[in-house]
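If you want the building blocks of each chain, they are given just below.
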Amino acid sequence: MAELQEVQITEEKPLLPGQTPEVAKTHSVETPYGSVTFTVYGTPKPKRPAILTYHDVGLNYKSCFQPLFQFGDMQEIIQNFVRVHVDAPGMEEGAPVFPLGYQYPSLDQLADMIPCILQYLNFSTIIGVGVGAGAYILSRYALTGLTSSIPEMILGHLFSQEELSGNSELIQKYRNIITHAPNLENIELYWNSYNNRRDLNLERGGAVTLKCPVMLVVGDQAPHEDAVVECNSKLDPTQTSFLKMADSGGQPQLTQPGKLTEAFKYFLQGMGYMASSCMTRLSRSRTASLTSAASIDGNRSRSRTLSQSSESGTLPSGPPGHTMEVSC
């Protein structure tokens, strides 16, 4: 998949007071069904999908959507989302006439071009806005998207939008591993089972909860950060350690192995499996906040709140049955 052209233009529309002109970038990428052109406005916003439009027959993205996106009240929306306007093949401004006998792609094939656009832009989720034929194309994509772009969907599950947009060596490595996996069909079956999972129905203090020690770990830029925080709220606080890692995305075991190793040591120490002499401080961590509740003599209890910089020493350890929340 190769980029054919990229030009910068200034959006032609009257500006609101205090508003600066948007810069649009027009791209063309090759797909299995020919080249497709699309124009991008704005920059990706953290943890937000892109708005992707597809126009109707007889129109292009400008004639179909420009009045809507130039409308005054729409500005509050578009300033919070990156927008991708797709032109059907041959419908973009200045497009040459197709040669005689050219076989135009079917609507299903036009839908199958969308994953190529998203992969090129490193976008994992979109909000589709379609009119007429464009609405059908987006609907067809929604029905088949998981199959046609299974690697990108999985990458969007594993990594945050910021990580995917950055396209680091780590992202490139795992995109290559998943895209070219010889057992991709098996991976898709596993993915489908995950998407059909049942809710654990955990409830703090209820009949269904984990009664063993638990350590929850999530990166502060992880795609499922909110879900992990919610899970923590449903677990027994006397049995749960919750670790939120700064500057970490969806796979902290890959991006922050040192911090995760240290946290795992403390977790094992809390269960009595490692001596305190084995412990070292969390390297380069920012702030550790520890709240613990522990029994002193079996008849009375005490609670303690401690905030300290981990650079000044090790995190204190407590007996089994404590709640620890650490941000590092």
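- Looking at an unreviewed UniProt entry, one finds the chain named NDRG family member 2, with Lynx canadensis as its source organism.
- If you open the UniProt record of the chain and go to Sequence similarities (unreviewed entry), you find "Belongs to the NDRG family."

### Here's the deal with helix H7 (residues 169–179)
Now for step 1: Every buried residue of H7 is accounted for by Ile171, Arg175 and Ile178. All buried residues of H7 project into a common sector of 70 degrees when viewed along the axis, lining one side.

### A few points about the nonpolar core
The tendency in soluble globular proteins is for nonpolar side chains to be buried side by side.
Now for step 1: Counting residues in each nonpolar core, the largest one holds 32 residues, and the members touching the most others are Phe38, Val84 and Val86.
Now for step 2: Breaking this core down by element, the ones donating at least two residues are strand E3 (34–41), strand E4 (50–54), strand E5 (83–87), helix H3 (107–121), helix H4 (133–148), helix H5 (150–158), H7 and helix H8 (184–195).
Now for step 3: Ranked by residue count, the leading element in this core is H3, at 7 residues.
Now for step 4: Not counting chain neighbours up to four residues away, the residues in contact with valine 84 comprise Phe38, Thr39, Val40, Ala50, Ile51, Leu52, Thr53, Ile117, Leu121 and Phe123.
Now for step 5: Residues Leu202, Leu216, Ala222 and Leu235 belong to the second largest nonpolar core, which totals 8 residues.

### Overview of the layout of surface pockets
Now for step 1: Size it by volume and the largest pocket reaches roughly 880 Å³.
Now for step 2: Broken down by secondary-structure element, the contributors of at least two residues to the lining of the largest pocket are H5, H8, strand E7 (214–219) and helix H9 (225–233).
Now for step 3: Counting contributing residues per domain, the lining of the largest pocket is built from domain 2 (150–196) and domain 3 (214–271), each supplying no fewer than three.
Now for step 4: Lining the second largest pocket are 17 residues, and of these Ser124, Thr125, Gly156, Pro223 and His224 sit closest to its centre.
Now for step 5: Mapped onto the lining of the second largest pocket, the elements with two or more residues apiece are H5 and H9.
Now for step 6: Taken together, the residues of the lining of the second largest pocket sort by class into 6 nonpolar, 7 polar and 4 charged.

### Focus: unusual backbone geometry
Now for step 1: The phi torsion at asparagine 167 lies on the positive side, around 50 degrees, for a residue other than glycine.
Now for step 2: Even without glycine at this site, asparagine 201 takes up a positive phi of about 55 degrees.
Now for step 3: Mapped onto the elements of the fold, asparagine 201 is located in the loop between H8 and E7.

### Some words on the confidence of the model for the chain
The predicted coordinates of low-pLDDT regions are not to be read in fine detail.
Now for step 1: Put simply, the chain has an average pLDDT of 77, and 76% of its residues get 70 or more.
Now for step 2: Ranking the elements of the chain by mean pLDDT puts strand E10 (residues 301–308) last with 28 and E5 first with 96.
Now for step 3: With pLDDT under 50 throughout, residues 281–328 is counted as low confidence; its partners more than four residues away or in other chains account for 103 contacts.

Criteria and thresholds
- Residues numbered from 1 in each chain as written.
- Predicted model: local features only at pLDDT ≥ 70, side-chain atom pairs only at ≥ 80, totals over all residues.
- Heavy atoms only, no water.
- UniProt positions renumbered as here; feature names shortened; annotations may be inferred.
- Buried < 20%, exposed > 50% of the residue type's maximum accessible area, 1.4 Å probe, protein only.
- Helix = DSSP H or I, 4+ residues; strand = E, 2+ residues; numbered from the N terminus.
- Arc of directions from axis to C-beta.
- Core = buried A, V, L, I, M, F, W, Y, C linked by side-chain atoms within 4.5 Å.
- Contact = heavy atoms within 4.5 Å.
- 1 Å grid on protein atoms, 1.4 Å probe; cavity = no way out; pocket = protein on both sides within 12 Å on 5 of 7 lines; lining within 4 Å.
- Points joined across faces, edges and corners; volume = space filled by probe spheres on them.
- Domains from an automatic or database assignment.
- Nonpolar A, V, L, I, M, F, W, Y, C, P; charged D, E, K, R; others polar.
- pLDDT = per-residue confidence, 0-100.

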